[in-house]
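Architecture and fold: a report
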Amino acid sequence: MKFLAEAACPYCYHKVRLTSLMFRCSGRQAPGRQPCGQAVDPRQVEYLQNATPTLPSFPATAKVYSTGQRAVCPDCGGSTGTRVCSVCHSVLPSTFGDEKSPMFGMVGVKGSGKTVYLTVLIHELTTSIRRRFGASIHTIGESPMIGKVKQLRETINSGGALPGSTTVAAVEKKYPIVLEWRQEKEGLLKRTSVSSTILSFYDTAGEDLQTQNSTSSLAYLAAADGLIVLLDPFQFPENIQRGRSMGVSEDSLDTPAIDVISRITELLREADSVKASKRIKRPLALVVSKIDAFFDDVPSDHAIRKSPPKLPAFDEAESADLHNHVEALIDEWGGEDVLSLLRTNYDNYRFFAASALGAQPDYRAGRADSQGLRPHRVAEPLLWLMANDKIIAKQG
Amino acid sequence: MSFRALLYTDCRADESLRGGTGYQFQAASPAAQPADEMVMMQELMYRPSPDLMAREAPVSEYPPSFAYFRSVDGYAMAAGIYLGKVSGDGRQGNQITHGLFTDEGDDLAGTRPAQLFGADFWVREKQPSKQLPDIEPPLLYDDEFDLPVLHKLATCAADAEQFLGKLVSAFERGAGDTWMKTIVSCSQPQTALQWIALGTLLIPTEQALSLSFRAFVSDPALATQRIVAVHPPSLNKPPDVTTLPAVSGIDLDTYRTGAIEVSERAAFWAGRFLHGDPYEVLDAVELAGRLQGSEYANRLVAAVAVLGEPLSGGAQVDAVGQVLATFDADEYEEFAEQVVDAMEHARDLGDLAPGSFLRILPVVQRFGGQTSALLDRVQTNLLVRASASADFARSLFVDSVWRWTWHQQPTDSSPVARAVSAALGRLESDQLPVAFEFAARLGLPVEPATLRDAIQRLAEHWIHHPELSGRQRTWLHGDQVLDAMVQGLQHQVVTELPGDVEAAIENGQWDWLLDIDWIIRGGGPLAPEIAGRSIPKADAQRQEHLIRLIATSAGPGGWQPLWRNRTPGLSEVLLWLDARPADVSDPRFADPAGKAIVPAIESGRVRADLLRLIRDLYAVSPDALPRQVARIGRQDAEVSRTLSSMRGHRAEPTAGAALVATDPIILKLRMTEIIRSLADFGDFETLLAFLQKSAVDPTEQLVKALDARAQTFPVETLEITFCLLRAKLPKSMHKQVSAVPLRWYESATNEHRDNVGRKLDREWPEWGEIEVQYERRNESAFKKVGRLFGARERER
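Report on the accompanying structure. All values reported here derive from a predicted model rather than from experimental measurement.

A few words on the overall build of chain B. Within chain B, the secondary structure is distributed over 36 helices and ten strands. Burial analysis of chain B (796 residues in total) assigns 55% to the buried set. Of the contacts formed within chain B by residues at least 6 apart in sequence, a portion of 68% connects residues at least 24 apart. Accessible area for chain B stands at about 34900 Å²; split by element, carbon and sulfur atoms hold 49% of it.

Here is the structure:
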């Protein structure tokens, strides 16, 4: 177990000192005392635009050095072990601070499929990936996004409507989705222990990336340990006409992929204070989404059509091979400028090809394929980021 | 100031304000600011129901949105409608929202934002141009939001008064720093906004405009607005808002609510709104919100001033008075008269305190002028109430620091003057000092005759409370009270002094009365009584002052109060006689005077004037004198008789021995007289007997007598002298007597010397020695003469 001095809150992304965490009253008062009531927490309103009445949060009188520590509510005298972020007052996972808890942001231009991708990724993590790694992966916390994602997945899976355009961050503050990944780990002397990692995902609106100003306002990107960048294949020059013929929205075709990568690059350089002569070290997983639309263009044994390995580890060799193939495809689609930009600005980036739906939707009707979801390589970008962070093992 | 405007919807790059695609600001008015965009994005934007989108509901099922946001800097509101699919995208979620912004609350002109729902000025479709017009106030609302319609809506509700009270109470709790969210549920968007409008109309404008609201939301718990509305048909599982914890839930479809406690304020206005004139009630609500008093008091004032409601009970009058005291000029101008009228005519004022009216006097003076009819009215009201209630009067007189001024000076027969008399008449004696002080400040012509009883009672009270002395100068008719008090004291002195009064006199608490001329000149018994008790403790100066003061105005026996229970000091007696010498002839004076003299006799400190006093006293009343004094008087009389006999040459030869037996005090004081008489008497034996036995040394007087007599009768005197020098005299006396012949010789002319010498030469050898010594002109020789005479005598 590592002892961290501070960690980023998976909800508000502020770094908080683990010795300064606060507690939320349990609502069970000490004998003879009045119970605490629920009320709007101004911090929740300020940071998460959440005015749901909650029990009061209070700082612990003693410093917190370990998980499981309890505190006594100064108002009702009740004992509580519910720790909350000292900034946004969100309830933290019980294992928060035990291990590194990376946060992964997801960005992409409007219409690149972020919401669908995230919806499917969450489902994949809690089902097939969980089985593949023998891990316990589940959503935790109070995020209202959990229910929404579940509802979306059910709608899409039944061949229903695709999700509406995601609201701009400034319009509707969205909660991140937080998952806990618990897995047995073999340590020194072959002794096993359980490690716990908190994963936090944040969905953005495509409009947020359309201008430099709104991009800059997405502070969470700066706090992310790794970024999954969704690239819409129809936004590469050679595919625009094809997208248009398939009924892809003109709006979605408006923003070239190079613009998105370029804005993200500026943001990361600013956030990490990277000099112009240096490359960005933060890992960037570039996912060409909706890849199923191009399956017919490549042989059946092409890397992008292959199913991902079933090993309980990240297959580095296989991923590198896919990277090369995707790079070649992008070059073919007229994305040489994108490749050039990435080469000159990033130390660590990897291309992936994925399809959240597994089959082309009816773009004009905004409906998913009636056969339901057949996700393809959705989790690979995340696994690469986790392997980079040594949360899961690498192979090959 | 006009309203700035923004329009937001999904648009193409060429349509949007900034050239972007997707959800963008499509148009803006010229004055629109960047900050408006942020407010619109965060607080006002249309949010389609996820449930409706999931079930791909037709656009017509989506409710319109209406949101209002109060920021630190201004006021913003927006109306939005759902448009269906995003153009060219196929996905749902498109909408259009039109926002209006202003920095001035006055631009809303008393209209509640919710009333603007459905108004004609809202833009509902993408604009051909990127420019919107600014909108000039006032914003006109739809007829459905006019007050009569809202009033009808409220009266039709089940248990209307209670329901409206809860709605308003819930909204009230949404204001302020510690607030509780109100969640209303309503299937009809317009109805929801009508109720929000109605509820906020029954809250003062400033408070109402602090209540941000949003209709409609899918996640009411999460929403940050103070009031949020849910639209059940838009949700797959609409919440029962009446059961949500820690929020005020109101179901407008069924008139059910969660546990909402109706506030006093809400109940107050809800009832009046439903049963009265709704326009007037809203005016009253507004006025109550503007006033500076407590919430309760503001309501009362508003109800009085706008709705013409009466007041009842002292508490209400007091509360109203508190608010009136805070009126500004406009409020005073508009409402003061009505409010004062209501205060004056309030019912059940048994518990009224004068403070209720007193506190409004300054504001009446501030805005109505130094004097005014209204000020007279309020002042008169206070005094009339005081005349009717002792408790009220007491409070008024004790608490009031008001400087009373009158617009129209009342006469002594005016009701207000009579009220003062009556009020004073009602008070207990112990309350009168403050009351008279207060009455003096009123500046009213209250005749003393109308206050006779109160003055008498105050005087009586004062007699027993000498600590009030000095305050009479601040009392109404203080001179009359003093007069009555002095008369009372005089009476008690004459009859019987109560213990506390006597103690006060003893302690000098009434001494100040002795400084009042008319009390002294009046010659009553009070001043001597006070002085008599004061003198023993006074210093010498004060004693003299007091004794002279009393003596100058006293009649026969006037000393008696001074020395009634004590022996006066000798100085007091002498001072008294100095002022009233005739009293020495009063037989009654002998007793105190004699007692005062005794210590002087016993200590031997008797001077000539005292002996004269003893002589006078003895002559008047020898039996009334103390024994010691009488003895001195008697012996003095005997000495006088003996000396008189000597001067008549009728004395017995034993007279000298008899004089020797006289008290030394008398001898000392009358020695000159005795010696002179003895010398004149001419009997050497009598003189020698006295000189040899006198208890008091008579040398000095003897020498003086001989020196004086020698100038007239030198031969006889020198013969007596030579005889004395030959007799057995005390040494010092002998020495001084021996100088008498030499002094005479020196002062005499030769002719005198020759004449005397011729008569003395034959018998007195001492004479020859005088001549010899004088010839030597040697002072030391003169001294030797004495010794010579002594030697000769001794030889003989």
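Take the sheet that holds strand β7 (residues 213-215) of chain B next. Residue and element names in this part refer to chain B. Within the open sheet, the ten strands sit side by side as β2-β1-β5-β4-β3-β7-β8-β6-β9-β10. Their pairing is mixed. Every other strand in the sheet has two partners, leaving β2 (22-28) and β10 (256-257) as the edge strands with one partner each. Direction of pairing for strand β3 (residues 65-70) relative to β7: antiparallel, over a ladder of three bridges. The residue bridging Tyr-68 from the neighbouring strand is Phe-213, located in β7. Relative to the sheet, helix α1 (residues 34-44) contacts β1 (4-11), β2, β3, β4 (75-85), β5 (92-102) and β7, its axis offset from that of β5 by approximately 130 degrees. Along the sheet, helix α5 (residues 189-201) contacts β3, β6 (182-185), β7 and β8 (227-230); its crossing angle with β7, the most-contacted strand, is approximately 165 degrees.

As enumerated under the stated definition, the model contains 32 aromatic pairs over all chains in all. Both rings, one in Phe-133 of chain A and one in Trp-181 of chain A, keep their centres 5.4 Å apart while their planes meet at 65 degrees; by these two values the pair is edge-to-face. Residue Phe-133 of chain A is found in helix α2 (residues 114-133), and its partner Trp-181 of chain A is found in strand β10 (residues 177-186); the two are separated by 48 residues along the sequence. Each of the two residues, Phe-133 of chain A as well as Trp-181 of chain A, counts as buried. Consider the rings of Phe-268 of chain B and Trp-269 of chain B, whose centres lie 4.7 Å apart with planes at 85 degrees: the pair is edge-to-face. For the pair Phe-268 of chain B and Trp-269 of chain B, a shared accessibility class is recorded, and that class is buried. Members of the aromatic cluster, joined through ring pairs, are Phe-66, Tyr-68, Phe-117, Phe-121, Trp-122, Phe-145 and Phe-213 of chain B. In this structure, Arg-299 of chain B packs its charged tip against the face of Phe-268 of chain B, placed 5.1 Å from the ring centre. Over the face of the ring belonging to Tyr-745 of chain B we find Arg-753 of chain B, whose NZ or CZ atom lies 4.4 Å from the ring centre.

Residues and elements named next belong to chain A. Buried residues dominate helix α11 (residues 380-388), accounting for eight of its nine residues. For α11, every residue scored as buried is listed here: Glu-380, Pro-381, Leu-382, Leu-383, Trp-384, Leu-385, Met-386 and Ala-387. Phi turns positive one or two residues past the end of α11, at Lys-390, with a value near 60 degrees.

Take the pattern of salt bridges next. All names here are of chain B. All told, the structure shown has 50 salt bridges over all chains when counted by the stated rule. For Arg-471, the salt bridge is made with Glu-437, and the minimal N-O distance between the two is 3.1 Å. With Arg-471 in the loop between α18 (452-464) and α19 (478-494) and Glu-437 in helix α17 (residues 432-442), this pair connects stretches of sequence that are 34 residues apart. Arg-471 gets classed as partly exposed once you look at its relative accessible area, which sits at 29%. Here Glu-437 falls in the partly exposed class, since its relative accessible area comes to 22%. Here Asp-636 ties to Arg-615 by a salt bridge, and the two come within 2.6 Å at their closest N and O atoms. Here Asp-636, found in helix α27 (residues 627-647), pairs with Arg-615, found in helix α26 (residues 608-620); they are 21 residues apart in sequence, far enough to count as distant. By relative accessible area, which is 1% here, Asp-636 ends up buried. Of the residues examined, Arg-615 reaches a relative accessible area of 31% and is grouped as partly exposed.

Conventions and cut-offs
Residues numbered from 1 in each chain as written. Chains lettered and ligands numbered in written order. Predicted model: local features only at pLDDT ≥ 70, side-chain atom pairs only at ≥ 80, totals over all residues. Heavy atoms only, no water. Helix = DSSP H or I, 4+ residues; strand = E, 2+ residues; numbered from the N terminus. Buried < 20%, exposed > 50% of the residue type's maximum accessible area, 1.4 Å probe, protein only. Contact = heavy atoms within 4.5 Å. Areas by Shrake-Rupley, 256 points an atom, 1.4 Å probe, with all protein chains shown as cover. Pairing = 2+ DSSP bridges. Axes fitted to C-alpha atoms, helices over the stretch in contact; angles between N-to-C directions. Phe/Tyr/Trp six-rings, centres within 6.5 Å; stacked < 30°, edge-to-face > 60°. Lys NZ or Arg CZ within 6 Å of the ring centre and 35° of its normal. Salt bridge = Lys/Arg side-chain N within 4 Å of Asp/Glu carboxyl O.

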